[in-house]
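# Descriptive structure summary
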Amino acid sequence: MTTRARVLVRPKAGILDPQGVAVERALPALGFEGVANVHVGRLIELDIDEPSQLPAICEKLLANPLIEDFEIVSEP
Amino acid sequence: MTTRARVLVRPKAGILDPQGVAVERALPALGFEGVANVHVGRLIELDIDEPSQLPAICEKLLANPLIEDFEIVSEP
Amino acid sequence: MPTVEQAVALGLTPGEYELIVEKIGRQPNAVELAVFSLMWSEHCAYKHSKKLLRSLPTEGPRLALGPGENAGAVDVGDGWVVAFKVESHNHPSAVEPFQGAATGVGGILRDIFAIGARPIAILDSLRFGEPSSPRSRYLLDHAVGGIGHYGNSVGVPTIGGEVYFEGPYEQNCLVNAMALGLARADSLIRSAATGIGNALVLFGASTGRDGIGGASVLASAELGAGDDDKRPTVQVGDPFAEKKLLECSLELLERGLLVALQDLGAAGLSSSSAEMASKGEVGLDVDVARVPLREAGMEPWEIMVSESQERMLCVVEPSQLDELLAVCEKWEVDASAIGAVTDTRALRVFVGDEIVGEMPVPALVDDCPLYDLTVEPPAAGLYPAPPPVLVADASPQEVLLALIAAPNIASRLPLFEQYDSLVQSRTVRRPEQADAAVLALPETPRGIAVSIDGSGRRVACDPYTGAIEAVLECTANLACAGAEPLGLTNCLNFGNPEKPHIAWQLTEAIRGLGDACRAFDVPVVGGNVSLYNESSDGPIYPTPVVGIVGELPDVARAGRSGFTRAGDAVALAGPFAPSLPGSELAKLRGDELPAGLAQIDVAAVRTAQQAIRDAVRAGELSSAHDVAEGGLLVAVAESCLGGAIGATIEVGAGDELMQTLFGESLGSGFVVSGSQDALRRLGERVSLDILGTVGGESLVLTSSELLIDVTLDELRAAHGALAPLFA
Amino acid sequence: MRFGVVRFPGSCDDVDALLACQRVPGASAQLLWHGDADLHGVEAVVIPGGFSYGDYLRVGAIARFSPVMESVIRFAEAGGLVLGICNGFQVLCEAGLLPGALLPNVNRRFICRQVNVEVVRARMPFSADMADGEVLSIPVKHTSGRYYAPAAVLESLEADGQIVLRYAHDANPNGSSNDIAGVTNAAGNVFGLMPHPEHAVEPLSGSVDGLKIFTSMAHAHG
Ligand SMILES: Nc1ncnc2c1ncn2[C@@H]1O[C@H](COP(=O)(O)OP(=O)(O)O)[C@@H](O)[C@H]1O
Ligand SMILES: [Mg+2]
């Protein structure tokens, strides 16, 4: 049995996220005001036979715990 | 009133996803078998005053509609 | 069976369709029509340019490989050759600039290693609308990002390039990429499939629906409304896959496992297999069921025309197949035997045992009709005058600062800092250190220099003289570095050649190119043509882009463009006859383009360039810099900026002052610095006027009165005008 | 001194590093294939620059799991000299051999630029041939070179003298914390830096300052 899983990886709070800053800066020029606290992270989606392995995969490979937090979400 | 919103951006079906391929290839070497169909995309989280603007923001800035699909998910 | 209407939708004319029916003796099926429509597209068949291209000189004493293979090559001594080629990726870049530019780099690199050369350098040639336009800024930013992403990741230095901003490129940007490779002369490999019964192996990335219809739709149609539905065909590049493919290909070659090698470019498997069969005068059987796919349910014709990137095709003897597959495995490159060499002279497409297409190879490769162009010079100007940005009575100092900050002249550092110019440890002159990039060759003091040039606006004023100027500017850049030109590649970016005025531009430009090459004894080793660069706003400026590779006997003496030593004398050397019409200053003033540029004495320019080159090679000069866009004073200011040192100069007064200071004639004037004695010796070989002295923290110009006194900091600030575009 | 230079799929500056090592008087150098766990008796390991595994997912993340890295980790733990340049620095951080991580440059772009770096701590294994305060001209070229470590880690790096190179005043190209350009582990035998010393070893390139890192390693090894 295979499960489709989704992992969200985001920059740890307090670490400068230049991509987020760039998005935030670009928006007013495109005519969009009122957007703040933008953060850009990674989305990983995969099919996995043994979902119990997922936390280990995240810690070892998909995220670097020093600079990133991860969240495993099950598919809707 | 500000809403926290989350946008998932993923490579369009059929568009090459080199990152997904690289992760998939790496996993067996780490001792994780049984993972397939890996895709790597972007996660964007932001505070927005007018959430109705979000689809337009995605099309114009957050995603490249030529090669990426986006999905707006509301915060839990 | 597909209909004539479908053939027309694929870009063929009804007449061409009839000819196909005649050649294969029946109506083509879907697979065959898809393959023919691409093989007979402008992009693959050069049907509107081939006759003209035949007029270009392709012979030279140092030629190692002329046009016809994936790239041309020149002999650089000691058994080494340098392969090079420039190619356009204009329309894909207009649709998706990051991936379009990235895959443009990937494609030109594959052309280089397809002949067995290790890629050693990349250059880019870019054209956008004015930076005041948000769309142009977006295209610029993303195209530069894509080039850097690909080139940096594959470990090939991007050592030079050029960029111009002009209104006519607003809706149709140009992204041309050039690559150089280094190989032992005796280890070059050809693309001719030979040896009946040998295996055909496809290796590299898997095949998806990328770029389906790309070659015929994206590369040969005018962009306009409704572009959106062409978009799902965007190709995505994977430089990591390319890096492995490159190393794998070179190892296969080194181990002697390859009979023939060919990259998959436009029209994918169709053109690569047809070209290999044509060159080897054989047939090829291809089983599309054995092609590794990225997507389920792909039709045979889709597999045949897919433009998925990072793939190569090779021919191998059956006894060596296993070793070949093992090398691919080592590099983590997927490979599969998909067919065989036959004696049928046909390209036969199979799905397993079932034959789904059979086309005579000569019909595919040689029989596309070649068209004569209807040529007519335009009665009136084709292009509107550029919008004025400088008042007519601006002072010389105001003009200088405006020119130094003009998009076409401002420092390109914000672009080239995004490119790795150092990897592979050959770079002796990086961008902005000299007019041409200089690379050291292995195991010898010798080196090569390379430059890429071409001002479309000048060609729009006068296609014949403008094209000559493109060559002269390029050879001038080489001369300043101390290099002698060995071979030339070019990319002809033009509008729709079926329009007589565009046909005239193309014809005249090719005539100029050929005359300049003959005058310099430089063979054309290859090139590329990109036509139909038009939008609802009209055609682009006709833009022949010229890349030249030259050699230096001693890289340690490679020239520099910046002043280096306080107290040196500064001089203007060469048969420089500046004129303002068509110049950068005329553009800033909003002047109409003139109908014609001043004629050039090419032989005199060549003699002057030889004198400059010899002086640089002899170590006589502290600096040498050609006078290009912006004229004499801009060239002096650039030499000040390049060396971070000022200069004090004087020019004769007179009515012609602005013309003297800012007039242009590309490739014929040089700002040089050195000892009084050195300049006097140079003056014995070429006309030379001493202008003044290097030194101080300012550029000071007098002409009976003090005209200009600007500090280096002021110049530097103006020259940095492009930086905010990349903030 | 026998140097080994690791080659991953996607390494780009591997041959450059090899050539730099070979310039050290009396030294030899060989490539080490990523899939081969045998270090072939080399006396110092260089992890070169480039884009190992395409730098996909996160810089250095995938390379650290290759067979050769298992051996490099053991080699380092046993006191062997390990130098990580640019992508190699990123790999060493991901492998836990060096503290901290490398984040995308503040301007999000690739930067190729000659920079001045200041020697903070000379007479260490990787700075044996340098003087404190000496300024070296070495190019950087990277997209993710912003050195980051939590505040407490930064403090201990400063206190313990693990910071060997800093970008000179106003020369920090990427937003690195404390202008850090190169750090060692606590034992001092593993060193990572973002600048590319192997591209400053040839007079024709304009600077030979980078060679000092390689000669220092040879001297430290004895
Ligand atoms: N698009 C580009 N990519 C890389 N390098 C560039 C680019 N444009 C210009 N350069 C480099 O910037 C320097 C100055 O460019 P340019 O003013 O066009 O020189 P020139 O007029 O002598 O051809 C050269 O070293 C050139 O190679
Ligand atoms: Mg020049």
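Our subject is the structure listed above.
Residues numbered from 1 in each chain as written. Chains lettered and ligands numbered in written order. Predicted model: local features only at pLDDT ≥ 70, side-chain atom pairs only at ≥ 80, totals over all residues. Heavy atoms only, no water.

## Overview of the interface of chain B and chain D
Facing the 6 residues of chain B at the interface are 5 residues of chain D. For the chain B and chain D pair, buried surface summed over both sides reaches about 540 Å², with 83% attributable to carbon and sulfur atoms. In this structure, the connection of chain B to chain D is made through 0 salt bridges. Across the chain B-chain D interface, the total number found is 1 residue pair in polar contact (both at pLDDT 80 or more). The class makeup of the residues in the side of chain B that touches chain D is 5 nonpolar, 1 polar and no charged. (Contact = heavy atoms within 4.5 Å. Buried area = accessible area lost by both parts, 1.4 Å probe. Salt bridge = Lys/Arg side-chain N within 4 Å of Asp/Glu carboxyl O. Polar contact = N/O pair within 3.5 Å; in protein donor to acceptor, adjacent residues only side chain to side chain. Nonpolar A, V, L, I, M, F, W, Y, C, P; charged D, E, K, R; others polar.)

## Regarding the coordination of the magnesium ion (ligand 2)
Six octahedral donors around a metal ideally sit at 90 or 180 degrees from one another, while four tetrahedral donors ideally sit at 109.5 degrees. All names here are of chain C. On the protein side, the magnesium ion (ligand 2) has Asn477 (OD1) and Asp626 (OD) as donor atoms, found 2.0 to 2.3 Å from it. On the criterion of sequence distance, the pair formed by asparagine 477 in helix 18 (residues 463-481) and aspartate 626 in strand 23 (residues 621-626) is long-range, its members being 149 residues apart. Asparagine 477 sits in the buried class, given a relative accessible area of 5%. Assessed through its relative accessible area of 2%, aspartate 626 is described here as buried. (Donors = N, O, S within 2.8 Å, 3.2 Å for Na, K, Ca; no water. Helix = DSSP H or I, 4+ residues; strand = E, 2+ residues; numbered from the N terminus. Buried < 20%, exposed > 50% of the residue type's maximum accessible area, 1.4 Å probe, protein only.)

## Quick look at the packing of helix 1 (residues 18-29) of chain A against helix 2 (residues 54-62) of chain B
Across the interface, helix 1 of chain A lies against helix 2 of chain B with an axial gap of 11 Å and an inter-helix angle of 110°. Taken together, the axis directions place helix 1 of chain A and helix 2 of chain B in an arrangement best described as roughly perpendicular. Crossing angle aside, the handedness with which helix 1 of chain A passes helix 2 of chain B is right-handed. Where helix 1 of chain A abuts helix 2 of chain B, its residues Val23, Ala26 and Leu27 of chain A lie against Ile57, Leu61 and Leu62 of chain B. Residue composition of the contact of helix 1 of chain A with helix 2 of chain B, by class: 6 nonpolar, no polar and no charged. (Axes fitted to C-alpha atoms, helices over the stretch in contact; angles between N-to-C directions. Parallel < 35°, antiparallel > 145°, perpendicular 65-115°, else oblique. Left-handed = near helix turned anticlockwise from the far one by under 90°.)

## Remarks on helix 1 (residues 14-22) of chain D
Every buried residue of helix 1 of chain D is listed here: Asp14, Asp16, Ala17, Leu18, Ala20 and Cys21 of chain D. Packed against the buried residues of helix 1 of chain D are strand 1 (2-7), strand 2 (28-33), strand 3 (44-47) and helix 5 (211-221) of chain D.

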